[in-house]
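Topology and contacts: notes
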Amino acid sequence: MKPPKSAVRFLIFFLKQELQEEVLGDLEEQFHLNVKRGSLLKAKFKYWLQVLNYLRPFAVKNFSTPQIYTPMIKHNFKVSYRTLLKNKMYSLINIGGLAIGLTVSLFIGLWIHDEYSYNQNHEHYDQIVQVMRKDITPDQIYVNTSLTGGIGVELAEKYPNYFKHIAMTFFRSESQLLIKEENIYKEMGYFFQSDITHILTLEMVEGTREALQNPSNIIISESLAEKIFGNKRAIGETLSLNSDTELIVQGIYEDLPDNSTFGDAGFFASQALFYNEQNPYVWDNYNMRIYAQLQPNIDVSEASSVIKDLMVPYRDVDDDPRELFLLPMKDWYLNSEFANGVRVTSQQVEFIRLFGIIGIFILLIACINFMNLNTAQFQKRGKEVGVRKTMGSLRGQVASQFLMESFLYSIGAFIISLLLLYLFLPSFNDFAGKEIGFEWKNPLFWASGIGLSLLVAVLAGSYPAIFLSSFNPIEAIKGKLNKGGKSERFRQILVVFQFTISIVLIIGTITIHQQINYAKDRPVGYQQDRLVTLTGSSELYRNRDVLRMELINSGVIEDVAFANYPLNNTLGNNDGFRLPGAMNDLPVTFNTVFVSPEYGETTKWELVEGRSFSRERGDESSSIIVSESAVEGMGLDNPIGQEIIASSSFNGDRLTIIGVVKDMIKGSPFQKPVPLMLFSTTNPLRYMFIRIKPGIPLSNGIAEIRETFKEVVPSHPFEYDFADDQYLTKFRSEERIGTLATLFSGLAILISCLGLFGLSAFMVTQRIKEIGIRKVLGASIVNLWLLLSKDFGRLVVSACLIAIPISYYYIEKWLQNYEYHIPIYWWMFVIGIASCILVTMLTVSYHSIKASLANPVESLKSE
């Protein structure tokens, strides 16, 4: 019978150290007398009363000024340092594992910080908004960013108390050609109303923000100015835009950060270059995006409610209602996805959460390695603990020694992680598509890094400190410790946890790559190979027919076509179409594209039924070709010859379906195809498509096209892309995620294997005499390998069984984000599990085989 432990702990907590031994002895003696005189319950109650009686000023510690025992700290540091040098292999494994875990966490932390700091470079970040619209149908609420010019004019004229600045830009943004003498530069640029320079924070290096008030001016980024003009002065110089318009450089601004909505902007020019800014008051053409800066102290929700019904007077009574609202800049990047009018978690936020969890787990795996390797050595460290306690060390003092070791390892790991971060940050930026810098001047970076390393020290060192400091000194000195059972089971649980996470990461990585390849192999509805695409100019428009004939007559070109939109996007969406006799519009939004009659032969679309457009048939402006998804959306069984009444944007004409083509994947390859409607026209079109004949080397074909351009349209630069290369850019985001997932999975396996390597080495050392005896008695190398490896094999198999349902659940959930996705294949789990088992066995086998091959005479020698 002993005094209540909780009372003893409480007494030790508040009682002065010099009184503890005497008071604890007296109270224990009195406790045993009380037990003899009465019941155990009464004795415990009296013991608590006596403990509480010592809550007096003379007996209570001084908590306000805790003493720091500098000599003890120095002693602990020296012992820890010597222990680190003495056990070099275990020290390298511990420091290496922690360093990799910290490095991964720092990389992921910088990546997450970069994601969440999107657009925060702008001075009026909290006041900048984008105007959005909701299309409310009986079945669905659609959120769109495309607006009419009339909305921008109304907002500026009617609500000056709410909006300080308003700027409209074209809905379509694309790369433009800037030409200086013989040099051609393909740059991303934006055509805005002049107030955009006040809404966005453009730090002007030269010139003024007011430059865009003159439509003949252009402002360019600092990097573009250096690329075009070098060390020469750029202000006042002239640039040709697409060989059509001469613009004067009147401003140079610092490059916007990569993590910014307009971070790719090489230049800003006036919207008035292509749009009559004096008369943008239209309500039937949704070709604008509108950005604004709110007046100070104006709430976003308040302004949204004010402009909500702005469009009502300009819509027919029978039309589905449309509402406006404002999306603050802080939500543009991570919180701009909607489903049925309600904001939903974006895929980018899901990726942030995913990698945040991966970073935590990898750090945990590194900490688990540390715990396992330190607690596995309990027999070796037991005598050290016994001697310390015998010499008068309290358990807390012994624990502080082991915590000091943990801090020493963590500090070393943090220094190495900083070096790795510096060395591999450029490569990480390439993988992640970022421009993250090593923020060594940022106090937050250092505070986070040091705080993380200290947390790791406490997390990794607390359990070994508690476990090792709990030994009975007499048993520890005699070598009769019996801590193997519980500690062994705990180590096994930690190893299973490590490999469960690693297997889940491997299977997830395989799934990501399979999903990407599945979408890449998806039929796109046209032939991408040997198809050249380029952007035209006014000169090319004027000479398009001559250019087409010259290219075909060259003998290397199969056909040439034009369209008003590229192949790889879904710009130009319209609704308002209806069937003859129907009262309501079709519940379908069509991607409407104008093409030249040769478009089908050039792109080699797959015609399902009907016919293609034909120049020989004359004017076919009232004929249309639709895709299979468009037919499905219209609910037509026999579409050929069916008439459709166009929307007001197309003057309400009657259109006749003459052909149906396979769905062309113009939008996301992971989503359902957008319903497509194609119109034939002989009018000038912006985008040109050239198909090189089969059998002609691409280099020869490109050279021939370039020469023809020089002859027919000499002032138009020949800047081209291949259609298949453009299509592959759609996979860039997913491929980056797949690359990072592969990297992190590999590092998780590496850290786990480092721990296994150390544990197996320790296990073999502990059983070296047993191995020698077995070998003398005739055990084969295979038998000894099986003996030493089977325990780890069981642990990894257990991890596999746990990882399978976890992987299946999260993979299925992730795949639901894609309308077009793979099934969950059984072999992905087999590969993930087999690869993990293989790597584990190879890691463990090194020490097992080495011990099996060793001379048993050496291992059986008496010490």
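My aim in this report is to walk through the structure given alongside it, one point at a time. Predicted model, so just to flag it, every value in this text is computed and none were measured. (Residues numbered from 1 in each chain as written. Predicted model: local features only at pLDDT ≥ 70, side-chain atom pairs only at ≥ 80, totals over all residues. Heavy atoms only, no water.)

Describing the overall build of the protein chain
- For the protein chain, the helix and strand inventory stands at 26 helices and 25 strands.
- The buried share of the protein chain, taken over its 863 residues, is 48%.
- Here the protein chain displays about 41800 Å² of accessible surface, and carbon together with sulfur accounts for 55% of that area. (Helix = DSSP H or I, 4+ residues; strand = E, 2+ residues; numbered from the N terminus. Buried < 20%, exposed > 50% of the residue type's maximum accessible area, 1.4 Å probe, protein only. Areas by Shrake-Rupley, 256 points an atom, 1.4 Å probe, with all protein chains shown as cover.)

Focus on the packing of helix H2 (residues 17-37) against helix H3 (residues 40-53)
- At a minimum axis separation of 8 Å, H2 and H3 run at an interaxial angle of 155°. As far as their axial angle goes, H3 and H2 are roughly antiparallel. For the pair H2 and H3, the crossing hand works out as right-handed. Within the contact between the two elements, H2 uses Leu24, Leu27, Glu28, Gln30, Phe31, Asn34 and Val35 and H3 uses Leu40, Ala43, Lys44, Lys46, Tyr47, Gln50 and Val51.
- Taken together, the residues of the contact of H2 with H3 break down into eight nonpolar, three polar and three charged. (Axes fitted to C-alpha atoms, helices over the stretch in contact; angles between N-to-C directions. Parallel < 35°, antiparallel > 145°, perpendicular 65-115°, else oblique. Left-handed = near helix turned anticlockwise from the far one by under 90°. Contact = heavy atoms within 4.5 Å. Nonpolar A, V, L, I, M, F, W, Y, C, P; charged D, E, K, R; others polar.)

Examining the pattern of salt bridges
- According to the stated counting rule, one finds 19 salt bridges in the structure shown.
- The partner of Glu154 in a salt bridge is Lys158, and the shortest N-O contact between them spans 2.8 Å. In this pair, Glu154 and Lys158 both sit in helix H6 (residues 149-158), four residues apart, roughly one turn of the helix.
- Accessibility expressed as a relative area gives 3% for Glu154, which makes it buried.
- Residues Lys330 and Asp331 are paired through a salt bridge, measuring 3.5 Å at the closest nitrogen-oxygen approach.
- Among the charged side chains, a network of salt bridges with common partners joins Arg548, Asp559, Glu598 and Arg615. (Salt bridge = Lys/Arg side-chain N within 4 Å of Asp/Glu carboxyl O.)

As for the pairing of strand E8 (residues 238-241)
- Where strand E4 (residues 175-180) and E8 come together, two bridges link them in antiparallel fashion. Bridge pairing links Leu178 to Leu241 in E8.
- Here four bridges tie E8 to strand E9 (residues 245-253), and the two strands are oriented antiparallel to one another. The residue of E9 that forms the bridge with Leu241 is Thr245.
- Between E8 and E9, which follow one another and run antiparallel, lie three residues, and Asn242 among them has a positive phi close to 55°. (Pairing = 2+ DSSP bridges.)

Concerning empty space enclosed by the protein
- Applying the stated rule across the entire model yields four cavities of 30 Å³ or more.
- There is about 50 Å³ of room inside the second largest cavity.
- Ser175, Gln176, Leu177, Lys186, Asn242, Thr535 and Glu719 are the residues that line the second largest cavity.
- A per-element tally of the lining of the second largest cavity places E4 first, with three residues.
- In the lining of the second largest cavity, the residues fall into one nonpolar, four polar and two charged. (1 Å grid on protein atoms, 1.4 Å probe; cavity = no way out; pocket = protein on both sides within 12 Å on 5 of 7 lines; lining within 4 Å. Points joined across faces, edges and corners; volume = space filled by probe spheres on them.)

Here's the deal with helix H25 (residues 826-853)
- Look at H25: 39 Å from first C-alpha to last across 28 residues, which is about the 40 Å you get at 1.5 Å a residue.
- Of all the bends in H25, the greatest, near 35°, is centred on Ser845. (Expected span 1.5 Å × (residues − 1). Bend = angle between axes of the 7 residues up to and from the residue.)

Side note on the pairing of strand E20 (residues 623-627)
- Most of E20 sits out of view: five of its five residues are buried.
- Of the two faces of E20, both are covered, the one formed by Ser623, Ile625 and Ser627 as well as the one formed by Ile624 and Val626.
- Judged from the three bridges that link them, E20 and strand E23 (residues 676-680) form a sheet pairing that is antiparallel. By the bridge assignment for E23, Ile625 is matched with Leu678.

Regarding the packing of aromatic side chains
- Across all of its chains, the model carries 39 aromatic pairs by this definition.
- Judged by centre distance (5.8 Å) and plane angle (85°), the rings of Tyr599 and Phe689 are edge-to-face. Of this pair, Tyr599 sits in helix H18 (residues 599-603) while Phe689 sits in strand E24 (residues 687-692), placing them 90 residues apart in sequence. Neither residue differs from the other here; Tyr599 and Phe689 are each classed as buried.
- Members of the aromatic cluster, joined through ring pairs, are Tyr190, Phe192, Tyr253, Phe262, Phe268, Tyr291 and Trp332.
- The ring of Phe731 has Lys520 lying over it, and the distance from NZ or CZ to the ring centre is 5.8 Å. (Phe/Tyr/Trp six-rings, centres within 6.5 Å; stacked < 30°, edge-to-face > 60°. Lys NZ or Arg CZ within 6 Å of the ring centre and 35° of its normal.)

Topic: the side chain of Ser614
- Tracing the chain through its elements places Ser614 in the loop between strand E19 (607-610) and E20.
- Ignoring anything within four residues of it in the chain, the contact list for Ser614 reads Pro597 and Glu620.

Description of the nonpolar core
- If you look at the biggest cluster of nonpolar residues, it comprises 111 residues, and the most contacted ones within it are Trp111, Phe428, Tyr599, Leu678 and Phe744.
- Setting aside its immediate chain neighbours within four residues, Tyr599 contacts Ala561, Phe562, Ala563, Leu567, Lys604, Trp605, Met664, Leu678 and Phe689.
- In terms of nonpolar packing, the next biggest core, distinct from the first, is built from 40 residues, Met168, Ile235, Val249 and Leu324 among them. (Core = buried A, V, L, I, M, F, W, Y, C linked by side-chain atoms within 4.5 Å.)

Considering the packing of helix H17 (residues 544-553) against helix H20 (residues 698-712)
- Orientation of H17 relative to H20, taken along the N-to-C sense of each, is 145°, at an axis distance of 10 Å. Judged by the twist between their axes, the crossing of H17 over H20 is right-handed. Packed against H17, whose contacting residues are Val546, Leu547, Glu550 and Leu551, the element H20 presents Ile705, Thr708, Phe709 and Val712 at the interface.
- Of the residues contributing to the contact of H17 with H20, the split by class is six nonpolar, one polar and one charged.

Some points on the state of the cysteines
- Applying the stated criterion across every chain yields a total of zero disulfides.
- In this structure Cys800 is a free cysteine whose sulfur lies 5.8 Å from that of Cys836, the closest cysteine sulfur available. (Disulfide = S-S within 2.5 Å.)

Here's the deal with H6
- The buried count for H6 comes to seven of ten residues, which makes it a mostly enclosed element.
- Against the buried residues of H6 lie strand E1 (128-136), strand E3 (163-170), strand E11 (288-294), helix H9 (300-307) and strand E12 (322-328).

Observations regarding the side chain of Thr533
- Position of Thr533 relative to the elements: it lies in strand E15 (residues 531-535).
- Given a relative accessible area of 6%, Thr533 falls into the buried group.
- Engagement of the side chain of Thr533 in a polar contact is seen with the side chain of Gln726, the distance being 3.1 Å.
- For Thr533, the contacting residues outside a window of four places in its chain are Met688, Phe689, Glu719, Tyr720, Asp721, Ala723 and Gln726. (Polar contact = N/O pair within 3.5 Å; in protein donor to acceptor, adjacent residues only side chain to side chain.)

A closer look at unusual backbone geometry
- With phi around 70°, Asn119 is a residue other than glycine that occupies positive phi space.
- Locating Asn119 in the fold gives a position in the loop between helix H5 (88-116) and E1.
- For Asn119, a relative accessible area of 0% translates into the label buried.
- Positive phi is not limited to glycine here, since Lys604 has a value of about 55°.
- Mapped onto the fold, Lys604 is located in the loop between H18 and E19.
- For Lys604, a relative accessible area of 25% puts it in the partly exposed group.

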